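Fold and contact review
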Amino acid sequence: MIEQTRIWSAVALLTVVTIACQAAPAPSERVDASRETGARAVAELGSATGVLGAAASAESHATLEAMRVLEEGGSAVDAAITLGFALAVTYPNAGNLGGGGFFLYRSPEGESWYLDFREVAPLAATLEMYLDEEGDPDRKASTRGWKAAGVPGSVFGMWEAHQRWGSLPWARLIQPAIELAEYGFEISFAEAAALNRLKSAFSEDAYAASVFVRSDGRPWIQRDVLRQPALASTLSAIATEGESALREGSIVRAIVAASQEGGGVLAMEDFAEYEPIIRPVHTIAWHDMEVLTITPPSSGSLFLGQTLPVLEEFPLAQWGWRDPRTVQLIGEAEAAAFRDRNRWLGDPASMEFSWIDLLDPSYLGQRALALDPELYTSPDEDLPMPPFESTETTHYSVLDAQGGAVAVTTTLNSSYGAKVMAPGGFLMNNEMDDFAALPGHANQYGLVQSEANAVIAGRRPLSSMSPVIVVKNGKVDSVIGSPGGPTILTTVLQVLLNRYTFEMAPEDAVAAPRFHRQDRPPTLRYEAGRLGRPTLQALQALGQPLAEIRSLGDVNAIFRDGSEWVAVADSRRGGLGQVAVIGSDG
Ligand code: DON
């Protein structure tokens, strides 16, 4: 019987905060969700005074609601569902009902599952829909407004997860999101700044303006309360009717009408026919561990399945993480993996070959032989570097007392998606830009992709989202993921290397400076001021083009650290990681 729960905070220097195990407080008395970036607990999972669970996400109210579900005896899947719906309210730039994502689950019994709830191209989508009159890609059409939206999968995905693996009642899991939307919550400094920055974009859409533009005309400030009554009523319908609230009926009819009016192509059948899909998990044997990764339409398996074994062939640990040889080699391995990703991958339903051949040991062995830490390889063709910074998408990690673990990455694609709001009070994605609008031409992330990822009705666009779970000696050792468009792949790779090759402490593995290369453009982007001048000068001397970027990724992860569990929310964006412990022995 759980009498008391303790939350340990590394940031608060191991001060113990005790919260009673009781019903969630009314929104007005909700815990002031401070922005802790790490939390530690010393205990084993599930023992008499063990770890009750852990959660890390980009937004503190959402993490706290997930912790309450774990405190009530909910599973990691239950807590992840609550977290996902709460983020749709409290983190509207990426949390969503109008988007999609990937759900990776390892059960306490050691089975692993990958649930794909990515958006699909509407049934009326065509190859030419994002080309202008000259036949060139029309970036605005694939990124702004209703035409940019794929059929959203999030509600169907959460429903499927609950049907398969959930234990607490569905309505209980959505209740916190309903209350957060109905009564409101205090927004963060970053949220206020983002809403102010996008005021003119939101003003173009009546529904978005009614929620995100203040009626008194003044700018948003930190701690203003954001209320979303229309979203609360949609969430209530989902709580009582289940996924059918978004399969048919008045909410869907209103969405379809708004889409048609706004130049989009969504139809009733798109919602009726959407299917979340269970797909194969790909396990990579690495060091003495198993890295569970997800397969197409995610490029996680291919990217990590190539880079981890190739980099194993070099003495990175001996060189050290900041050594120019290490940085250059990782960059080269990343670029080579992106070449294959962009050339070959897409929706598996339309891939004409077995992508797994690209992980063939002899193929990767040749690649390792061709890589040289003192060589810069330029792509066949250069490209201007897109200006994007990773400010969208979100990843959350959850662990329960039984050892069940969930890693979810979910997105609207761009920040606040297509900047149009469905009449049900939620923003729509612009995931259609993840397709190659014109194969051979770059999308907003500078990714030059192939026919395998062309726009075809019913297809899912290729994704970089890459949640992973690491298993050691048959037990979960870490749960990791990040936003960042293509930089998701390099961020997840670098956190794995930091933790397991360079043997950094969990907080350091997340905090360490990151850098990114993809195939084209060939620039190595590095976090401003963090890589060190000597390293940068050495890379420059090799001819490696370099560019600064403010920050890369936002990792929300859980790690085993000896006998401790650590939940780390990346300080780059300031989320909340928490670990709760059963018992009172402190
Ligand atoms: O699925 C993908 O690869 C992209 N839609 C992810 C977008 C993203 O991470 C945006 N940035 N943070």
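**Focus on the overall build of the chain**
Regarding its fold elements, the chain presents 18 helices and 21 strands. For a compact globule of 586 residues, the expected C-alpha radius of gyration is about 25 Å, and the chain comes in at 22 Å, within 12% of that figure. In terms of its C-alpha atoms, the chain occupies a principal-axis envelope of roughly 65 × 60 × 45 Å. Across the 586 residues that make up the chain, the buried fraction comes to 64%. Intrachain contacts of the chain at a sequence separation of at least 6 include 72% that bridge at least 24 residues. Summed over all atoms, the accessible surface of the chain reaches about 20,700 Å², with 50% contributed by carbon and sulfur.

**A look at the nonpolar core**
What tends to happen in soluble globular proteins is that the nonpolar side chains get buried as a cluster. Formed by 89 residues in total, the largest nonpolar core has its most connected members in Phe85, Leu97, Phe103, Leu235 and Ile255. Among the elements that line this core, the one with the most residues is helix α2 (residues 76–90), at 11 residues. Ignoring anything within four residues of it in the chain, the contact list for Phe103 reads Val77, Ala80, Trp113, Tyr114, Leu115, Phe117, Met158, Ala161, Trp165, Val406, Ala407 and Val408. In terms of nonpolar packing, the next biggest core, distinct from the first, is built from 75 residues, Phe338, Leu364, Leu447 and Ala557 among them.

**Looking at the site of the ligand**
The ligand sits among 14 residues. The nearest are Glu392, Thr393, Glu431, Asp434 and Gly485. Between the ligand and Ser464, the relevant distance is 2.7 Å, taken from an oxygen atom to a main-chain nitrogen or oxygen of the residue. Computed on the free molecule, the ligand has an accessible area of 330 Å², of which 99% lies beneath the protein chains in the complex. Taken together, the residues of the shell around the ligand sort by class into 4 nonpolar, 6 polar and 4 charged.

**So, the pattern of salt bridges**
Summed over the entire model, instances satisfying the criterion amount to 28 salt bridges. For Arg325, the salt bridge identified is with Asp323, shortest N-O distance 3.0 Å. For Asp561, the salt bridge identified is with Arg499, shortest N-O distance 3.4 Å. Taken together, the residues span a long stretch of sequence, with Asp561 in strand β19 (residues 556–561) and Arg499 in helix α16 (residues 487–501) at a distance of 62 residues. We classify Asp561 as partly exposed; its relative accessible area is 23%. Taken together, the shared-partner salt bridges connect Arg40, Arg499, Glu507, Asp561 and Glu564 into one network.

**Things to note about the environment of Met428**
Among the secondary structure elements, Met428 is positioned in the loop between β13 (405–411) and β14 (468–472). Taking relative accessible area as the criterion, Met428 reaches 0% and is therefore assigned buried. Met428 sits 97 residues away from Arg525 along the chain, and the two C-alpha atoms are 30 Å apart.

**Details of unusual backbone geometry**
Most peptide bonds are trans, and most residues other than glycine sit at a negative phi. The omega angle of the peptide bond from Pro296 to Pro297 is 15 degrees, so this bond is cis rather than trans. Geometrically, the link from Arg520 to Pro521 is a cis peptide bond, its omega value of -10 degrees lying close to zero. Locating Pro521 in the fold gives a position in the loop between β16 (515–516) and β17 (524–527). Look at Tyr416: it is not a glycine, yet its phi comes out positive at around 60 degrees. Residue placement: Tyr416 occurs in the loop between β13 and β14. One non-glycine residue, Asn473, lies in positive phi territory at about 50 degrees. With respect to the element layout, Asn473 can be found in the loop between β14 and β15 (475–480). For Asn473, a relative accessible area of 70% corresponds to the exposed category.

**Comments concerning the packing of aromatic side chains**
Counted under the stated rule, the structure contains 13 aromatic pairs. A ring pair is formed by Trp159 and Trp170, whose centres lie 5.0 Å apart and whose planes are at 90 degrees; its orientation type is edge-to-face. One end of the pair, Trp159, is in helix α4 (residues 154–165); the other, Trp170, is in helix α5 (residues 170–183), with 11 residues separating them in the sequence. Looking at Trp170, the relative accessible area reads 7%, which means it is buried. Pairing Phe212 with Tyr416 gives two aromatic rings, centres 6.1 Å apart and planes at 70 degrees, and the pair type is edge-to-face. Note that Phe212 is positioned in helix α8 (residues 206–212) and Tyr416 in the loop between β13 and β14, a separation of 204 residues in sequence.

**Side note on the confidence of the model for the chain**
Taken as a whole, the chain shows an average pLDDT of 90; of its residues, 91% reach a score of 70 or greater. Taken element by element, the predicted model of the chain shows its lowest mean pLDDT in strand β2 (residues 15–20) (25) and its highest in strand β5 (residues 100–106) (99). Residue range residues 1–34 is modelled with pLDDT below 50. Its contacts to residues more than four positions away, or to other chains, number 72 contacts.

**A short note on the side chain of Arg172**
Note on placement: Arg172 falls in helix α5. Those residues within four positions of Arg172 in sequence are excluded, and the remaining contacts are Arg68, Val69 and Glu72.

**Some words on the sheet that holds β19**
The sheet built from 7 strands is open, its strands ordered β3-β20-β19-β15-β14-β11-β10 with antiparallel pairing. What marks the edges here is a single partner per strand, and that holds for β3 (38–42) and β10 (281–286). Mean inter-strand twist for the sheet, computed between neighbouring axes without regard to direction, equals 20 degrees. Sheet strands in contact with helix α12 (residues 300–312) are β10, β11 (289–294) and β14, and its direction is about 10 degrees off that of β10.

**A few points about the packing of α12 against helix α14 (residues 324–344)**
Remark: α12 packs on α14, axes separated minimally by 9 Å, with the N-to-C direction vectors making an angle of 145 degrees. Considering only the axes of α12 and α14, their crossing is right-handed. From α12, Leu302, Phe303, Gln306, Thr307 and Leu311 reach across to α14, where they touch Leu329, Ile330, Ala333, Glu334, Ala336, Ala337, Phe338, Asp340 and Arg341. Of the residues belonging to the contact of α12 with α14, the class tally is 9 nonpolar, 2 polar and 3 charged.

**Here we look at the environment of Trp321**
Counting through the fold element by element, Trp321 comes out in the loop between α13 (316–319) and α14. Linking Trp321 and Val69, residues 252 residues apart in sequence, is a C-alpha distance of 38 Å. Once you skip the residues sitting within four places of it in the chain, Trp321 turns out to touch Thr326, Val327, Phe502, Met504 and Pro513.

What counts, and where the lines are drawn
Throughout this description, residue numbers start from 1 for each chain and increase along the sequence as written. Restriction of local features to residues with pLDDT of at least 70 applies here, the model being predicted, together with a cutoff of 80 or more for giving and counting side-chain atom pairs; totals for whole chains, interfaces and linings are based on all residues. Only heavy atoms go into the side-chain values, all of them from the structure, while hydrogens and water stay out. Labels follow the DSSP assignment, with helices taken as runs of H or I lasting at least four residues and strands as runs of E lasting at least two, numbered in each case from the N terminus. It is over C-alpha atoms that the radius of gyration is taken, and the globule rule equals 2.2 Å times the number of residues to the power 0.38. Partly exposed describes any residue whose relative accessible area lies between the buried limit of under 20% and the exposed limit of over 50%, with all areas from a 1.4 Å probe on protein chains only and scaled to the type maximum. The contact rule is simple, with two residues in contact once any of their heavy atoms fall within 4.5 Å. Areas reported as accessible are Shrake-Rupley estimates using a 1.4 Å probe. Residue values count occlusion only from the protein chains shown. For our purposes a nonpolar core is just a set of buried Ala, Val, Leu, Ile, Met, Phe, Trp, Tyr and Cys residues, chained together by side-chain atoms within 4.5 Å. If even one non-hydrogen atom of a residue comes within 4 Å of a molecule or strand, that residue is called near it. In protein, a polar contact means a hydrogen-donor-capable atom and an acceptor-capable atom, both N or O and within 3.5 Å, with residues adjacent in sequence counting only if both atoms are side-chain atoms; elsewhere, any N or O pair within 3.5 Å suffices. Residues are grouped as follows: Ala, Val, Leu, Ile, Met, Phe, Trp, Tyr, Cys and Pro are nonpolar; Asp, Glu, Lys and Arg are charged; all remaining types, including Gly, are polar. Only one rule defines a salt bridge in this text: a Lys or Arg side-chain nitrogen within 4 Å of an Asp or Glu carboxyl oxygen. Only the six-membered ring of Trp is used, alongside the rings of Phe and Tyr, when aromatic pairs are assigned; centres must lie within 6.5 Å, and planes under 30 degrees apart are stacked while those over 60 apart are edge-to-face, with the rest tilted. Known as pLDDT, the predictor's confidence for each residue is given on a scale from 0 to 100. At least two DSSP bridges between two strands are required for those strands to pair. Angular values range over 0 to 180 degrees, each being the angle between N-to-C directions of two axes fitted as lines to C-alpha atoms, with helices fitted over their stretch in contact. In a left-handed crossing the near helix is turned counterclockwise from the far helix by less than a right angle, and in a right-handed crossing that turn is clockwise.

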